[in-house]
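Per-entry structural report
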Amino acid sequence: MRPLKLCFVGWGDHVHLERWAGYFARTGDHVSVLSMGDEGDYPAGVRQYVLRNSKRRPVLADAEMRVLLWRLRPQIVHVHWAHFAVPVVRVWDGPLAITAWGSDIYRQDEFTPSRWTSMRNALSRANLVTCDSEDLGR
């Protein structure tokens, strides 16, 4: 089987993303990480990109992510934390997986109604949604 070209998006320096991306890198897949935070600890060969504009104007953040995804040409983008799927779906129309970890779903009171609607729409756009508990899945 040929290696996949995978791109993970989320907090690149978080243990959850490090484990997922690291697993696929160790199996021989080509892995890139677009980080909304800092660089993480990954096996050799994982390409990391810190999204410098992620906290700036959405048009700048979107342009930065769009260019990186165009250059990387992944076969699938896997977003960790559902709220990060919102900017991804603005610039990516290919195969999409989203992993919800809890803080992105359980803390509904921390999101404005429009942000909650945007996140729900992004989740509905995904080809695959994963989570780490039955409760969260509901």
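This section reports on the structure supplied with the text. Not measured: the values here are computed from a predicted model. (Residues numbered from 1 in each chain as written. Predicted model: local features only at pLDDT ≥ 70, side-chain atom pairs only at ≥ 80, totals over all residues. Heavy atoms only, no water.)

1. Considerations on the packing of aromatic side chains
Throughout the structure, instances matching the rule amount to 4 aromatic pairs. Both rings, one in tryptophan 11 and one in phenylalanine 84, keep their centres 4.9 Å apart while their planes meet at 80°; by these two values the pair is edge-to-face. Within this pair, whereas tryptophan 11 is found in the loop between β1 (5-10) and α1 (15-26), its partner phenylalanine 84 is found in the loop between β4 (76-80) and α3 (85-91), the two being separated by 73 residues in sequence. For phenylalanine 84, a relative accessible area of 10% corresponds to the buried category. Site record: aromatic cluster; members linked through ring pairs are Phe8, Tyr23 and Phe24. (Phe/Tyr/Trp six-rings, centres within 6.5 Å; stacked < 30°, edge-to-face > 60°. Helix = DSSP H or I, 4+ residues; strand = E, 2+ residues; numbered from the N terminus. Buried < 20%, exposed > 50% of the residue type's maximum accessible area, 1.4 Å probe, protein only.)

2. Examining the pairing of β4
Most of β4 is tucked away: 4 of the 5 residues are buried. Relative to β4, β1 is paired through 4 bridges, and the arrangement is parallel. Bridge assignment links phenylalanine 8 to a residue of β4, and that residue is histidine 78. By the bridge criterion, 4 bridges tie β4 to strand β5 (residues 96-100) in an arrangement that is parallel. Residue pairing in the sheet places valine 79 in a bridge with isoleucine 98 of β5. Where the polypeptide runs from β4 across α3 and back to β5, its parallel neighbour, the crossover connection is right-handed. (Pairing = 2+ DSSP bridges. Right-handed = clockwise from strand over helix to strand, strands pointing away.)

3. So, the environment of threonine 117
Structurally, the position occupied by threonine 117 is in helix α5 (residues 113-125). It is 9.8 Å that separates the C-alpha atoms of threonine 117 and valine 86, two residues lying 31 residues apart in sequence.

4. Points about α1
Look at α1: 16 Å from first C-alpha to last across 12 residues, which is about the 16 Å you get at 1.5 Å a residue. Looking only at α1, the buried set comprises Leu17, Glu18, Ala21, Gly22 and Ala25. The arc that holds every buried residue of α1, seen down its axis, measures 120°, which confines them to one face. Lining the buried residues of α1 we find β1, β2 (30-35) and β4. A positive backbone phi angle near 105° is found at glycine 28, which sits one or two residues after α1. (Expected span 1.5 Å × (residues − 1). Arc of directions from axis to C-beta. Contact = heavy atoms within 4.5 Å.)

5. Here we look at the nonpolar core
One recurring pattern in soluble globular proteins is that nonpolar side chains are buried together. Counting 36 residues, the largest nonpolar core has Leu34, Val77 and Val79 as the members making the most contacts within it. Among the elements of the structure, β1, α1, β2, α2 (58-72), β4, α3, β5 and α5 are those that each provide at least two residues to this core. When residues no more than four places from it in sequence are discounted, the contact partners of valine 77 are Cys7, Val9, Leu69, Val88, Trp92, Pro95, Leu96 and Ala97. (Core = buried A, V, L, I, M, F, W, Y, C linked by side-chain atoms within 4.5 Å.)

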